[in-house]
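If you want the building blocks of each chain, they are given just below.
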Amino acid sequence: MTTQPSKDLETFPNPQPERDFTIRIDIPEFTCLCPKTGQPDFAKIQIEYVPADACVELKSLKLYMWTFRERGAFHEAVTNEILNDIVAVTQPNFMRIRAEFNVRGGIYTTVVVEHRNPAWQAPALVNLP
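Presented here is an overview of the structure given in this document. Being a predicted model, the structure only gives us computed values, none of them experimental.

Before going further, it helps to spend a moment on helix α1 (residues 58-66). Considered for burial, the residues of α1 that qualify are Ser-60, Leu-61, Leu-63, Tyr-64, Met-65 and Trp-66. Those residues of α1 that are buried are in contact with β2 (23-33), β3 (40-50), β4 (54-56) and α2 (75-90). Of the residues that open α1, the one with a side-chain oxygen 3.1 Å from the backbone nitrogen of Lys-59 is Glu-57.

Counting residues in each nonpolar core, the largest one holds 28 residues, and the members touching the most others are Phe-30, Ile-45, Ile-47, Leu-61, Met-65, Ile-82 and Ile-97. Those elements that place two or more of their residues in this core are β2, β3, β4, α1, α2, β5 (94-104) and β6 (107-116).

A word on the packing of aromatic side chains. Under the defined criterion, the tally for this structure stands at 4 aromatic pairs. A centroid spacing of 5.6 Å and a plane angle of 50 degrees characterise the contact between Phe-30 and Phe-68, whose relative ring orientation is tilted. Remark: Phe-68 occurs in the loop between α1 and α2 and Phe-30 occurs in strand β2; sequence separation between them is 38 residues. An identical accessibility class is assigned to Phe-30 and Phe-68; each is buried.

Here we come to the pairing of β5. In regular strands, side chains alternate between the two faces of the sheet. Sheet analysis places β3 next to β5, joined by 8 bridges and oriented antiparallel. By the bridge assignment, Gln-46 is partnered in β5 with Arg-98. With 9 bridges connecting them, β5 and β6 associate as antiparallel partners. Among the inter-strand pairings, Ile-97 is bridged to a residue of β6, identified as Val-113. With antiparallel pairing between neighbouring strands as the criterion, β5 and β6 make up a hairpin whose turn holds 2 residues, including Gly-105 at a positive phi of roughly 60 degrees.

Cut-offs and rules
- Residues numbered from 1 in each chain as written.
- Predicted model: local features only at pLDDT ≥ 70, side-chain atom pairs only at ≥ 80, totals over all residues.
- Heavy atoms only, no water.
- Buried < 20%, exposed > 50% of the residue type's maximum accessible area, 1.4 Å probe, protein only.
- Helix = DSSP H or I, 4+ residues; strand = E, 2+ residues; numbered from the N terminus.
- Contact = heavy atoms within 4.5 Å.
- Polar contact = N/O pair within 3.5 Å; in protein donor to acceptor, adjacent residues only side chain to side chain.
- Core = buried A, V, L, I, M, F, W, Y, C linked by side-chain atoms within 4.5 Å.
- Phe/Tyr/Trp six-rings, centres within 6.5 Å; stacked < 30°, edge-to-face > 60°.
- Pairing = 2+ DSSP bridges.

Put into structure tokens, the structure is as follows:
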């Protein structure tokens, strides 16, 4: 395989840093291993963020997600690790990650984690008629 998993997340400059906008990324085929049994865990990862100066580059994000395929990780730990790593390179105004794990032992798990820049003021919600 010519493409290998990589923890190196790349970024590019936000093309509109003066405007708040939301980027939504869906990763429907996330895989890691159960740390207790070694069996595969499957999840849908949803990333939503309001960038500040940088946006995450998608190919590097894909290769980053591949790094979890052979690692044992609890759902809560892996979701927080992903948030921490992406926030470290992008420093967004806001980021939310939602990880919806498939059933394991008859139980579904969803983990939602958030980061907010304390200096950022969210825009007012607009309700249209």
